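For reference, the chains in residue letters:
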Amino acid sequence: MKKGIIGKKIGMTQIFDEKGNVIPVTVIAAGPCTVTQKKTAENDGYEAVQLGYEDIAERKLTKPAKGHFLKAEVSFKKYLKEFRLDNAASMNVGDVITADTFEVGEKVDVTGTTKGHGYSGVIKRWGQAQLRMTHGGGPVHRHIGSVGANSDPSRIFKNKKMPGQYGNEKVTMQNLEIVKIDSEKNLIAVKGAVPGARGGVVVIRNTVK
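Everything quoted here is computed from the prediction, not taken from an experiment.

1. Here we look at the environment of Met162
Along the chain, the position of Met162 falls in the loop between α3 (122-126) and β9 (164-167). Note on Met162: relative accessible area 28%, which makes it partly exposed. Each C-alpha atom, one on Met162 and one on Gly11, is 32 Å from the other, the two residues being 151 residues apart in sequence. When near neighbours in sequence (up to four residues on either side) are disregarded, Met162 contacts Val122, Arg125, Trp126, Ile144, Val147 and Ile156.

2. Structural notes on unusual backbone geometry
Residue Pro32 is bonded to the preceding Gly31 through a cis peptide linkage, with omega at 0°. Along the chain, Pro32 turns up in the loop between β2 (22-30) and β3 (33-39). Cis geometry is adopted by the peptide bond preceding Pro153, which originates at Asp152 and carries an omega value of 15°. A positive phi is found at Glu73, a non-glycine position, where the angle reads about 60°. Its location among the elements puts Glu73 in the loop between α2 (63-72) and β5 (77-83). The phi torsion at Asn175 lies on the positive side, around 60°, for a residue other than glycine. Residue position: Asn175 is located in strand β10 (residues 170-182).

3. Looking at the sheet that holds β5
Taken in spatial order, the four strands make up an open sheet running β5-β4-β3-β6, and their pairing is antiparallel. Two strands bound the open sheet, and with one partner strand each, they are β5 and β6 (96-97). Across six bridges, the pairing between strand β4 (residues 48-55) and β5 is antiparallel. The residue of β5 that forms the bridge with Asp55 is Lys77. The strands touched by α2 within the sheet are β3, β4 and β5, with β3 carrying the most contacts at an inclination of about 90°.

Criteria and thresholds
- Residues numbered from 1 in each chain as written.
- Predicted model: local features only at pLDDT ≥ 70, side-chain atom pairs only at ≥ 80, totals over all residues.
- Heavy atoms only, no water.
- Helix = DSSP H or I, 4+ residues; strand = E, 2+ residues; numbered from the N terminus.
- Buried < 20%, exposed > 50% of the residue type's maximum accessible area, 1.4 Å probe, protein only.
- Contact = heavy atoms within 4.5 Å.
- Pairing = 2+ DSSP bridges.
- Axes fitted to C-alpha atoms, helices over the stretch in contact; angles between N-to-C directions.

This is how it looks when you write it as structure tokens:
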């Protein structure tokens, strides 16, 4: 991995390119992130850096977490994430990574947690059809229907689409293009949508494909 940063999803908007074409973009407040820990091949078996994002009050931290930041002599951070960067060996604790580490036109992968919908039925969760809303159809208009044969195989096949928990899972959108960067405000605008609600924490990395 060459680049990585933690940020927060602000929301979606649209911008215009030089030809006047409308580009839908998601604005992300990326960083600044502080290196709170450095891992080396000698001590840990691999090279990586731990980045901290968004300041937090000391009273909201546990004793071990507070000690972690005091040892590194950095400000208290709310979110921590480890990155195995290629240049991790050249970085030091206390270094700050900002949005301008990326460039306009670069392709990135954005990872976030999708909106949670709770326990949902098959129509909302999988997009299955409902029965006719007329006489004789009820009371099973939104039910799942048949889940398989009775005597053979006498069981429900694995991965059968059924009601259950929908959303609130980790999702990565790949090959998103960076359209605009505001270095002063640490904002990155990427083309298209990214997972999660407004205010959700996301991780931006250079694309793997």
